[in-house]
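Fold and contact review
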Amino acid sequence: MTTARITAVLGPTNTGKTHYAIQRMLSYRTGVIGLPLRLLAREVYDRIVAERGPGVVALITGEERIVPPRAAYWVCTVEAMPEGMGCDFLAIDEIQLCADPERGHVFTDRLLNARGLHETLFMGADTMRGAIAAMVPEAQFMYRERMSQLTYTGSKKLSRMPARSAIVGFSVENVYAIAELLRRTKGGAAVVMGALSPRTRNAQVEMYQNGDVDYLVATDAIGMGLNLDISHVAFSSLIKFDGHRMRHLQPQELAQIAGRAGRHMENGTFGVTGEAPPLDDAVVEAITEHKFSPVTKLQWRNSRLQFGSVKRLISTLEERTNDRWLTRVRESDDLKALKTLGGDPEVAARATDGPSVKLLWDVCRVPDFRGISSGEHASLLTHIYNDLHQLGHVSANWFGLQVRRIDRTDGDIDILSKRLAYIRTWTYVAQRNGWLRDENHWREETRAVEDRLSDALHGALTQRFVDRRTSILLRRLKQKESLLADVNDKGEVTVEGEFVGRLEGFRFRMDKAGSPDEAKTLRQASVQALVPQFHLLADRFYNAPDPEIDFTEQGGLMWGDHAVGKLVAGSDPFKPGVTAFVDDEAGEDVAAKVQRRLQHFIDRKIAAGFEGLLALKNDETLTGTAKGFAYRMAEGFGIIPRGEVADEVKALDQDARGSLRKHGVRFGQFTIFQPLLLKPAPTRLRLVLWSLAKGLQEFPESPPPGLVTVPAAKDAVPGYYAMSGYRAAGERAIRIDMLERLADMLRDKDSRGGFEANPDMLSITGMTLEQFADLMSGLGYKAEKAEREKVKAAPAADSADAEAAPAATAEAEPAAPAEETGPEMEVFYTFTWGGRAARPARPQNDRPRGKGKPKGKGKGKQQGGNKPQTFAAKPKREKAIDPDNPFAAALAGFKKD
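Attention here is on the structure that accompanies the text. (Residues numbered from 1 in each chain as written. Predicted model: local features only at pLDDT ≥ 70, side-chain atom pairs only at ≥ 80, totals over all residues. Heavy atoms only, no water.)

Things to note about the sheet that holds strand β20 (residues 492-495)
Pairing within the open sheet is antiparallel, and its four strands lie in the order β19-β20-β21-β22. Both outer strands of the open sheet, β19 (485-487) and β22 (507-510), are each paired with one neighbouring strand and no more. Going from strand to strand, the sheet's axes swing by 30° on average, the running direction of each strand aside. For β20 and strand β21 (residues 498-504), the ladder comprises four bridges, and the chain directions are antiparallel. Note that in β21 the partner of Val493 across the bridge is Gly501. (Pairing = 2+ DSSP bridges. Helix = DSSP H or I, 4+ residues; strand = E, 2+ residues; numbered from the N terminus. Axes fitted to C-alpha atoms, helices over the stretch in contact; angles between N-to-C directions.)

Notes on the pairing of strand β6 (residues 89-92)
In β6, alternate side chains face the same way, and those of Phe89 and Ala91 on one face and Leu90 and Ile92 on the other are all buried. Bridge count for strand β2 (residues 31-35) against β6 is four bridges, and the pairing is parallel. Note on β6: the bridge partner recorded for Ile33 is Ala91. For the segment spanning β6, helix α3 (residues 104-113) and strand β7 (residues 119-124), crossover handedness is right-handed. (Buried < 20%, exposed > 50% of the residue type's maximum accessible area, 1.4 Å probe, protein only. Right-handed = clockwise from strand over helix to strand, strands pointing away.)

Notes on the pattern of salt bridges
Under the defined criterion, the tally for this structure stands at 47 salt bridges. Of the charged contacts, one joins Lys358 and Asp362 as a salt bridge, the two residues approaching to 3.9 Å between their closest N and O atoms. Note that Lys358 and Asp362 are positioned in helix α12 (residues 354-364) at a spacing of four residues, about one turn of the helix. Judged by relative accessible area, which is 26%, Asp362 ranks as partly exposed. One salt bridge connects Lys714 with Glu731, and the closest N-O pair in it is separated by 3.6 Å. (Salt bridge = Lys/Arg side-chain N within 4 Å of Asp/Glu carboxyl O.)

What about the pairing of strand β5 (residues 73-77)?
Along a regular strand, successive side chains alternate from one face of the sheet to the other. Within β5, five of the five residues are buried, leaving the element largely enclosed by the surrounding structure. Burial of the side chains of β5 extends over both faces: Tyr73, Val75 and Thr77 are buried on one face and Trp74 and Cys76 on the other. Inspection of the sheet shows β2 paired to β5 by five bridges, in the parallel sense. Counted as the bridge partner of Val32 is Trp74 from β5. Sheet topology note: the strand β3 (residues 57-60)/β5 ladder contains four bridges and is parallel. Along β5, the bridge assignment pairs Ile60 with Cys76.

A short note on a negative patch on the surface
A grouping of Asp280, Asp281, Glu285 and Glu289 is seen on the molecular surface, where their side chains present a negatively charged patch. Here Asp280 is to be found in the loop between β16 (268-272) and α8 (281-289). Classification of Asp280 by relative accessible area gives exposed; the value is 54%. (Patch = residues over 30% accessible without salt bridge, like charges linked within 9 Å, V, L, I, M, F, W, Y side chains within 5 Å. Areas by Shrake-Rupley, 256 points an atom, 1.4 Å probe, with all protein chains shown as cover. Lys, Arg positive; Asp, Glu negative; His and termini not counted. Charge placed at Lys NZ, Arg CZ, Asp CG, Glu CD.)

Quick notes on unusual backbone geometry
Phi is positive for Asn14, close to 60°, though the residue is something other than glycine. Mapped onto the elements of the fold, Asn14 is located in the loop between β1 (5-10) and α1 (17-26). Owing to a relative accessible area of 4%, Asn14 belongs among the buried residues under this scheme. You will see that His290, though not glycine, has its phi angle at about 60°, which is positive. Judged by relative accessible area, which is 26%, His290 ranks as partly exposed.

Points about the sheet that holds β3
Reading across the sheet, the eight strands line up as β4-β3-β5-β2-β6-β7-β1-β8 and stay open at both edges, with mixed pairing between neighbours. In this open sheet, the two edge strands, each paired with only one partner strand, are β4 (65-66) and β8 (140-143). Both β1 and β7 contribute to a ladder of six bridges, which runs parallel. What sits directly across from Arg5, in β7, is Glu119. Strands β2, β3, β4 and β5 of the sheet are contacted by helix α2 (residues 38-52), whose axis makes an angle of about 165° with β5. (Contact = heavy atoms within 4.5 Å.)

Thoughts on the packing of aromatic side chains
Inspection of every chain in the model, using the stated rule, returns 19 aromatic pairs. Taking the centre distance of 5.4 Å and the plane angle of 85° together, the rings of Trp398 and Trp426 count as edge-to-face. In this pair, Trp398 sits in helix α14 (residues 396-405) while Trp426 sits in helix α15 (residues 413-431), placing the two residues 28 residues apart along the sequence. Each member of the pair, Trp398 together with Trp426, is buried. On the numbers, 5.2 Å between centres and 50° between planes, the contact of Phe574 with Phe637 is tilted. (Phe/Tyr/Trp six-rings, centres within 6.5 Å; stacked < 30°, edge-to-face > 60°.)

A look at helix α10 (residues 333-342)
The periodicity of an α-helix, 3.6 residues per turn, causes residues three or four places apart in sequence to face the same way. Among the residues making up α10, those that are buried are Asp334, Leu335, Ala337, Leu338 and Leu341. Down the axis of α10, the sector holding all buried residues measures 160°, keeping them to one side. Summarising the contacts, the buried residues of α10 are in contact with α9 (310-317), α11 (345-350), α12 and α13 (374-391). (Arc of directions from axis to C-beta.)

Encoded structure:
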């Protein structure tokens, strides 16, 4: 009979030990392999299934049990390895965990007692050589060299972390914080923790392996044999909580994790990041040279248990050993639970025989996946034990209620993680043979709930820690691939199918990003892809017709709905400059093309809008005073209040005036202007050019077109109303062409003796009598208010006579009620030129009602009763012109013309 061979395959990480064990197992008819993690067990299971098919491969972990009828190869966690199977081959991976304070006693038990019929392999670190030689003297040793070199690179900031890096944290909070920072700066990271379900972990790893993200944030779970394409490992801390206290990691623990960098023949690097201090030289040398202190103590717990009573079971579990290589494990969770349940009166009453005590021990070994208090966990175990002992199974109603409570996929990462931990408890219970009546149903049900929660957790992790858009763009940039950008008719920009922002003219408005670093990364990737789009857009803009381009009243330049530039002051008010709004990344050629097109537009706009004024300014036939006045007109943008150039107007002879009139210049009594420039389009442009010339920070807007008068603001910029084509007078400003029409109507009125407004005056101004009086006051007139008896309307037969009579000059007050007596009164105003009033007006309260006769030298005839009076001024050719009356002075000027 051939003696079974026992071999210890030892060496550092990346030596192919696990791969060697799988190949040895598949060379036999049957085999079992024990692995340290559920995640690693699933990875090995998938590899063997891919090679031999699912019909012959079983997977057994605490929460997962896949056992086909013809199973020949069993992949298990070390704790879940079936005993007494008699397989041809048996292997235990990461055998150095015999020294682990938490789980070491399980690995030690397998080292001492688990054997294959033909071959047994123990794989792990070379630090176990002495212990294995002492405890298993018949074992042979095989040392395997690392296939690649490992180099220490010191400390790096996360923002400078190279691609294909794994950053290691030792708490959930630390892992999440690192992943969040990587999302902002690098597009995201995959997250791998031991508490994740295999389904969630595989989904996260797949993102990393296929290049959706270039970074992995993990706990020390990656140190246990997970095979990933990692080039660099960075420790964010050198301290961890081991379940009892915070402690520094040992060099061999750091080496186990760092060794995940560099797979197969590719070299790897390791270092520190964040607040982790640099590694000591001695530690670095130990890791790179794979030289560590040997294991001198193995954790041990007696496995020859006696179930005569709870007390006896506890006694055998606490039995000590005299072997110098073995040390009794500290009190574990299952022993603690046994002591608690053993003290419960009902449980103690049930656990009085061997089978009952053994059942109690099986229940106490249910792990506390939920991480709740020991009291709550003990209460749960008590319920399970009582059901099993009394009913022979766990109550389906109670079990189903527990499962349904957590079968929800809403909530954030923490909530989903907690539910996933809870379902692991019920999955573990469902996997125990005989604990549930319809165990196949409940195994499928709990697995389905775990899958749903796993998918939801993967989605939540991805949503929180992966900016897929930035990640994709950065990967393409790194691979130096050309990025394909597309801009739809709404200006929405997509790069490689990912929405990144909008083009507003020639400026890229990036979609909202989570942080400045993230925004910088996204913009870098997006703008590079947009460069060809900028050139295409510039060509289209350059060939766009002028009607597609416009200017705003603040000097902005628009192409459709998008700002593409602004006007700036130039050396000549009629030749403003242009600043184009073009992103720097678009390039100088694009910016120059946009600037040229905008300059052409505004030059043509000014040439068309001020054609008459520019012709006047550039008329080489004008000479002398006419030439000088033409420049004054240009300086005033075609509108000059007459008072500002009174002396220059007087200096113009008839020939000079005639030459100016040929260019459309009108010498009004208040303003000298070109009527064509009062149209809305030239007015709007004139205000912009005038604001630029004055260096205003905020440009005043032009009044709405078509209004004869507008409210006059007290704080308006001096000169604003003239540039708007208006003259401020009192509370309102009147359009200058209508003011000149009013001046024509006033020319024959007795401005010294007094006159009243007629309906034509009110009509052209669109004002009430009160407003008109305020306007006249603003123009230099005195408005004297009075009341008189209202003229009654003539009978219908005398309608022709009534039409011949002057119209009422005031708005009638409401008629008195029929029962009241007395004449109906009306308000009227008498206007006199304020420059030289004949005599002070008597206060209104002193004047008798109805006696509103204006004072002056005018001669008039009262037409019966209280009818309105009319006045006609006598010719006064023999008197000098009143220099304070602009109407009279202008009239004299017209006569000379």
